Amino acid sequence: MAGEAKESSGYLDILRAPHALRLLTGTLVGRLPNGTGPIAIVLFTRSEGGSYSLAGGLTAAYGLATAVGQPLLGRAVDLKGQPRVQLPAAIVSALGMIVLAVAGISPLVLAYAAVVVAGLFTPPLEGGLRALWPSVLGREDRVHRAYAMDAVAQEVMFTVGPLLVTLLVALWSPAAALLVINVLGILGALSVVLSEPSRAWRSEPREAHWLGALRSPGLLALLGSFFFVGLALGSITVAGLAYADDQGNESAYGWLMAALGLGALIGGVLYGARRWAGAPERRLRVIIGLLALGYLPLMLTPGVVPMTALAALSGVFLAPALACGFIVVDRHAPSGTVTEAFSWLVTTFGVGAALGSAVAGPAVELAGTTAGFGVAGAGGFVALLVLLATGRVLAAPGRSVRHAVSGGTGSSGHAEKNEHSSENDRNGAVEPGFSSGHQA
């Protein structure tokens, strides 16, 4: 017993598992085009003489198309398997960006069509990886820790990715940055789909239903809550820019965003490093409440140094909230819809973030920077209210946390119910923590 606890106490145990490092690295590299897409589009548009409005329009079109495509491709993965969907999608998405890089922003119709194709066919590698962990790692505690590990790694990716784009632009050009990033994305997806776990993975049998994963009331409740978590985070990106303008210090914005990411990284590492008692649905309410409280001090808008510290503090509970949400998704997703369910979480969070940015702008213009940060606090508390109002459906997961099928050949990412796990949840069994990155 003590040996098992020691074995599962660190991330190195996960990385030593066969295929784990390859799957994690391939997924992160494969997601580079999506993680860096907005900044790459903006830099390219400006280099071509386009206005900020056009850059914003192309970026918005790309984001909206991604939000639409993720759950659709996630459902296709559940139905057809990973290699038949992930790699073709990655190639088509890259071709869209390549068209933009080669043709430029004129004609505008072609530019918009290119970014829409790139966004619509962005492969759901994030949800696919979380679907693979059970078949790779087997034990439930190791799967939960893997959720933490891949999410912490994503925090690094969201920091390194923009720096890589900036470096490529400085060394070559924005067009070259678009090309290189998307070629890397194809190589990352190729590494994942050629791996044995990806080729062998099969979704559970699913009930034919046009709503797919959305027929789960518990999943709908969770998505409703995380829509407002996304809204809170999106509003900070605009309010932070207004704060930097108020301070007359453009670099302050970078410091705030970096501090927010650092706080999420620290929170994720600490949360995933220990074990937690009780059902994740109950724990999620507490974490979301702390997340909302952490946003309120930002309304004080003190000097740059203390404001940076407050930004770091506000990010601490973001990663645990997202990570705990992953487990709740896994518990409530209907059979055979796990990739689609995770993709819906990505989409909902992204749409919420976009709306948060749109709401924070008028709030800042009407009532100042403090009101912009107030949108973040309000979003956090509405997210908590959604969880409290839907506590009954969240307390009754559609099934217990799933485990890998033994045997390894046609292993399903998620097997049949494990009655022992269900009993542990009812008795407040100890569960490990989890973590995530910015895109849920």
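On a predicted model such as this, the values are computed, not experimentally measured, just so you know.

**Student:** I'd like to hear about unusual backbone geometry, residue by residue, with values.
**Tutor:** Here the amide bond leading from Ser106 into Pro107 is cis, since omega sits at 0 degrees, within 30 degrees of zero. Following the sequence through the fold, Pro107 ends up in the loop between helix H6 (83–103) and helix H7 (108–120). Although it is not a glycine, His19 adopts a positive phi angle of roughly 80 degrees. Looking at the secondary structure, you find His19 in the loop between helix H2 (12–15) and helix H3 (20–30). With a relative accessible area of 31%, His19 lands in the partly exposed category. Positive phi is not limited to glycine here, since Thr301 has a value of about 40 degrees. Assignment of secondary structure puts Thr301 in the loop between helix H14 (280–295) and helix H15 (304–315). When its relative accessible area of 23% is taken as the criterion, Thr301 is described as partly exposed.

**Student:** Now, about the packing of H3 against helix H8 (residues 125–137): what can you tell me, with residues and values included?
**Tutor:** Across the interface, H3 lies against H8 with an axial gap of 10 Å and an inter-helix angle of 175 degrees. In this view, H3 runs roughly antiparallel relative to H8, as classed from their interaxial angle. Residues Ala20, Leu23, Leu24, Thr27 and Gly30 of H3 form the contact with H8, whose participating residues are Leu125, Glu126, Leu129, Leu132, Trp133 and Val136. When the residues that make up the contact of H3 with H8 are grouped by side-chain class, the tally is 8 nonpolar, 2 polar and 1 charged.

**Student:** Mind laying out the side chain of Ser198, listing which residues take part and the relevant values?
**Tutor:** Within the element layout of this structure, Ser198 appears in helix H11 (residues 196–200). Polar contacts involving the side chain of Ser198 include one to the side chain of Gln82, which spans 3.0 Å. Not counting chain neighbours up to four residues away, the residues in contact with Ser198 comprise Gln82, Pro83, Leu132, Val192 and Val193.

**Student:** How would you sum up the pattern of salt bridges? Please name residues and give values.
**Tutor:** Across all of its chains, the model carries 4 salt bridges by this definition. Arg31 is the salt-bridge partner of Glu126, the closest N and O atoms lying 3.3 Å from each other. Taken together, the residues Glu126 in helix H8 and Arg31 in the loop between H3 and helix H4 (32–47) connect sequence positions 95 residues apart. Note on accessibility: Glu126 and Arg31 belong to one class, buried. Between Arg331 and Glu281 there is a salt bridge; the shortest N-O distance is 2.8 Å.

Calculation notes
- Residues numbered from 1 in each chain as written.
- Predicted model: local features only at pLDDT ≥ 70, side-chain atom pairs only at ≥ 80, totals over all residues.
- Heavy atoms only, no water.
- Helix = DSSP H or I, 4+ residues; strand = E, 2+ residues; numbered from the N terminus.
- Buried < 20%, exposed > 50% of the residue type's maximum accessible area, 1.4 Å probe, protein only.
- Axes fitted to C-alpha atoms, helices over the stretch in contact; angles between N-to-C directions.
- Parallel < 35°, antiparallel > 145°, perpendicular 65-115°, else oblique.
- Contact = heavy atoms within 4.5 Å.
- Nonpolar A, V, L, I, M, F, W, Y, C, P; charged D, E, K, R; others polar.
- Polar contact = N/O pair within 3.5 Å; in protein donor to acceptor, adjacent residues only side chain to side chain.
- Salt bridge = Lys/Arg side-chain N within 4 Å of Asp/Glu carboxyl O.

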